[in-house]
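Structure at a glance
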Amino acid sequence: MTTKPIPSPPAYPLLGHAGTGVVDPTNSQGSFRLLREKYGEIYALNFFGRTIVLVSSQRLVNELCDEKRFHKKVEGSVLEVVRNGAGDGLFTAYDGEENWGIAHRVLMPAFGPSQIIGMFPAMLDINSQLLLKWERFGPDEAFDPTEDFTRLAFDTIALCAMSYRFNSFYHQDMPPFIGAMVRFLIESGMKMQRPKILQSWMTNTNQQYEADIKLMTDVCDQIVSYRKAHPTEGKKDLLSLMLEGKDPRTGRGLTDTNIRNQLITFLIAGHETTSGLLSFTLYHLLSNPSAYATLQREIDTVLGKEAITVHHLPKLEYTNAVLRESIRLNPPAGAIGVAPVADSEIIGGEYELRKSWNCVIHIDTLHRDPAVWGEDAEEFRPERMLGEKFDKLPPNSWKPFGNGARACIGRPLAWQESLMMLATLFQRFDIRFDDPSYHLKIKQTLTTKPLGFRIHAIPRQGAR
Ligand code: HEM
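Residues numbered from 1 in each chain as written. Predicted model: local features only at pLDDT ≥ 70, side-chain atom pairs only at ≥ 80, totals over all residues.

The name given to the protein in an unreviewed UniProt entry is Cytochrome P450, with Calocera viscosa as the source organism.

Dropping the structure here:
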């Protein structure tokens, strides 16, 4: 079959697109949106001989999501560098790596529907700490909500999955793990773009990188020691499954090194993204007064002044649609990497993809594909995510949680936590921009969050 060349910006010999400025390492999402506008649904980049193909239309992504033809590819992507800290943890495990299968089968039961409902009281515990703090701030205090959403998501994953308290709301500074993690993720991304020889000369940077990995490792070892000193008497949380669970297929448990890698993975993956989702959602609601009013009306009708329970959550249909629409426009994990299982695959009947290439499902621009979302793809319109409209979206057009067997294991946990947070926040507060002329700026590590976003939380009259 004759195939078409994949469009690509002008490049240097040998270096490829390195140094051409087509991708800004501090804002690759912004660069990829511009490249999508210029080159269309598929384009290729090359860095020092490594080919990366970015795909962003539903018609082509739908093929890349076929797990018989394509699989997750860690090799040659930033995730391979993140393995320096997270090793063979679920997120960074190679496709087919034995420890992925063992951990996946052992840990999946911790995320079943009744386990997630069972986490409700622990989630509410941390949620109440945020609400109390914002109440104490009062209406005049201007603050960055992302910092507290980060505390919330970090403390929630630790308490729900590991029965461990970081007590982040009781400290002025963020937990040291978070600082180390942010530096580690940024530096992992930078390493991808530097020639190896240059990297080896950067002694201070390399020492800081190693120190950050050690700090994260030490925190995880401390969590395991704490558990061994304070057994949870038959409670089956994620950590107890890691320590005691046996794989039903092989009869094997997780090794000590793998447990450490999983803890680092869950602490990172379990909070970065949820905190981004909540922050972007707040931004979109403040920028769209009619969606804000509809959401608050729903919360007033469903919750009124009652204390939230797990039974309120399924009734919050519009709030649910708000989260879906927010994560469409700003997916905190904006890209996933795959490659053909066979030597090559032809997609769309016209483009050949090779096994050695890194193919990227670019979720951020997929979620703006005009063929699916129409002319108003850039607008925040939760109505398009309600009920049947959501169910009838074309396959693989909304992919914020990844694909297939390697999709997000923590999705139900993140969703319950986020629904609860939005519902209780708007039950208690009116939220306003500190600077009404603020326009969204992005802070990027492996995931994205709003930058410089500040709000006021005004306690509502007569709220509970
Ligand atoms: C995988 C997004 C919350 C743990 C993924 C992937 C995406 C994603 C896109 C696939 C990555 C890939 O294919 O390379 C999100 C978003 C979240 C969220 C948007 C919140 C809004 C969470 C939470 C946890 C978690 C709360 C932990 C409880 C993981 C793990 C994987 C993963 C362990 C790897 C799964 C595997 O390969 O077996 N997530 N995530 N995530 N996520 Fe999440």
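Re the overall build of the protein
If you tally the helices and strands in the protein, you get 19 helices and eleven strands. Here the C-alpha radius of gyration of the protein, 22 Å, is about what a compact globule of 464 residues would show, namely 23 Å. Taken along its principal axes, the extent of the C-alpha atoms in the protein is 70 × 55 × 45 Å. A total of 464 residues make up the protein; the buried ones form 42% of that total. Considering only intrachain contacts with a sequence separation of at least 6, the fraction spanning at least 24 residues in the protein is 75%. (Helix = DSSP H or I, 4+ residues; strand = E, 2+ residues; numbered from the N terminus. Rg over C-alpha atoms; globule rule 2.2 N^0.38 Å. Buried ≥ 20, exposed ≤ 12 C-beta atoms within 10 Å, placed from the backbone. Contact = placed C-beta atoms within 7 Å.)

A word on the pairing of strand β1 (residues 42–47)
Side chains on a regular strand alternate between the two faces of the sheet. Here β1 runs beside strand β2 (residues 50–55); their pairing, made up of six bridges, is antiparallel. Note on β2: the bridge partner recorded for Phe47 is Arg50. In sequence, β1 turns back onto β2 through a hairpin of two residues, with Phe48 there showing a positive phi of about 50 degrees. (Pairing = 2+ DSSP bridges.)

What about the nonpolar core?
Of all hydrophobic cores here, the largest spans 90 residues; its most connected members are Ile157, Ala158, Ala161, Met181, Met216, Leu238 and Leu267. Broken down by element, the residue count for this core peaks at ten residues, all from helix α7 (residues 145–162). Those residues in contact with Met216 that lie beyond four places of it in its chain are Gly85, Phe177, Ala180, Met181, Phe184 and Ile264. (Core = buried A, V, L, I, M, F, W, Y, C linked by C-beta atoms within 7 Å.)

Thoughts on the pairing of β2
Relative to strand β7 (residues 358–362), β2 runs parallel, the two sharing four bridges. Residue pairing for β7: Val53 is matched across the bridge by Cys359.

Re the sheet that holds β1
Taking strand neighbours across the sheet as the criterion, the five strands line up as β1-β2-β7-β4-β3 in an open arrangement whose pairing is mixed. Two strands in the sheet have a free side with no partner beyond their single neighbour: β1 and β3 (70–72). The mean inter-strand angle of the sheet, taken between neighbouring strand axes irrespective of direction, is 35 degrees. (Axes fitted to C-alpha atoms, helices over the stretch in contact; angles between N-to-C directions.)

A word on the UniProt feature "binding site: heme" (unreviewed entry) in the protein
Under the UniProt annotation, the feature "binding site: heme" (unreviewed entry) is placed at Cys408. Looking at the element boundaries, Cys408 is found in the loop between α18 (387–391) and α19 (411–428). When neighbours within four sequence positions are excluded, Cys408 is seen to be in contact with Phe401 and Gly402. (UniProt positions renumbered as here; feature names shortened; annotations may be inferred.)

Some points on the packing of helix α15 (residues 317–329) against α19
When two helices pack together, you describe them by how their axes are tilted relative to each other and by the distance separating the axes. Where α15 meets α19, the closest approach of the two axes is 10 Å, and the angle between their N-to-C directions is 115 degrees. Crossing angle aside, the handedness with which α15 passes α19 is right-handed. Contact with α15, carried on its side by Thr319, Asn320 and Leu323, involves Ser418, Leu419, Leu422 and Ala423 of α19 and no other residues of that element. Partitioning the contact of α15 with α19 into residue classes produces four nonpolar, three polar and no charged. (Left-handed = near helix turned anticlockwise from the far one by under 90°. Nonpolar A, V, L, I, M, F, W, Y, C, P; charged D, E, K, R; others polar.)

Digging into unusual backbone geometry
Outside of glycine, negative phi angles account for most residues, and trans bonds account for most peptide bonds. Its identity is not glycine, yet Phe48 carries a phi of approximately 50 degrees, on the positive side. One can find Phe48 in the loop between β1 and β2. Here Asn167, not a glycine, exhibits a phi torsion of approximately 55 degrees, which is positive.

Some details on the packing of helix α3 (residues 78–86) against helix α8 (residues 176–193)
Relative orientation of the contacting elements α3 and α8 amounts to 135 degrees, with a least axis distance of 9 Å. Judged on the interaxial angle alone, α8 and α3 are oblique. The chirality of how α3 crosses α8 is right-handed. In this structure, α3 contributes Val78, Val81, Val82, Asn84 and Gly85 to the contact, and α8 contributes Phe184, Ser188, Gly189, Lys191 and Met192. (Parallel < 35°, antiparallel > 145°, perpendicular 65-115°, else oblique.)

With respect to α19
Taking 1.5 Å of rise per residue, the 18 residues of α19 would be expected to cover 26 Å, and the 26 Å separating its terminal C-alpha atoms lies within 8% of that figure. Turning to α19, its buried residues number three or more, namely Leu413, Ala414, Glu417, Ser418, Met420, Met421, Leu422, Ala423, Thr424, Leu425, Phe426 and Gln427. (Expected span 1.5 Å × (residues − 1).)

Digging into helix α1 (residues 28–39)
If you check α1, its first and last C-alpha atoms are 16 Å apart, about what twelve residues at 1.5 Å a residue would give, namely 16 Å. Where α1 is buried, its residues touch β1, β2, β7, α16 (363–366) and β9 (442–444). Once α1 ends, the next one or two residues include Gly40, with phi positive near 95 degrees.

Some remarks on the environment of Ile178
Topologically, Ile178 is positioned in helix α8. Considering only alpha carbons, one finds Ile178 and Thr150, 28 residues apart in sequence, at a separation of 8.8 Å. Other than its neighbours up to four places away in sequence, Ile178 contacts Thr150 and Phe154.

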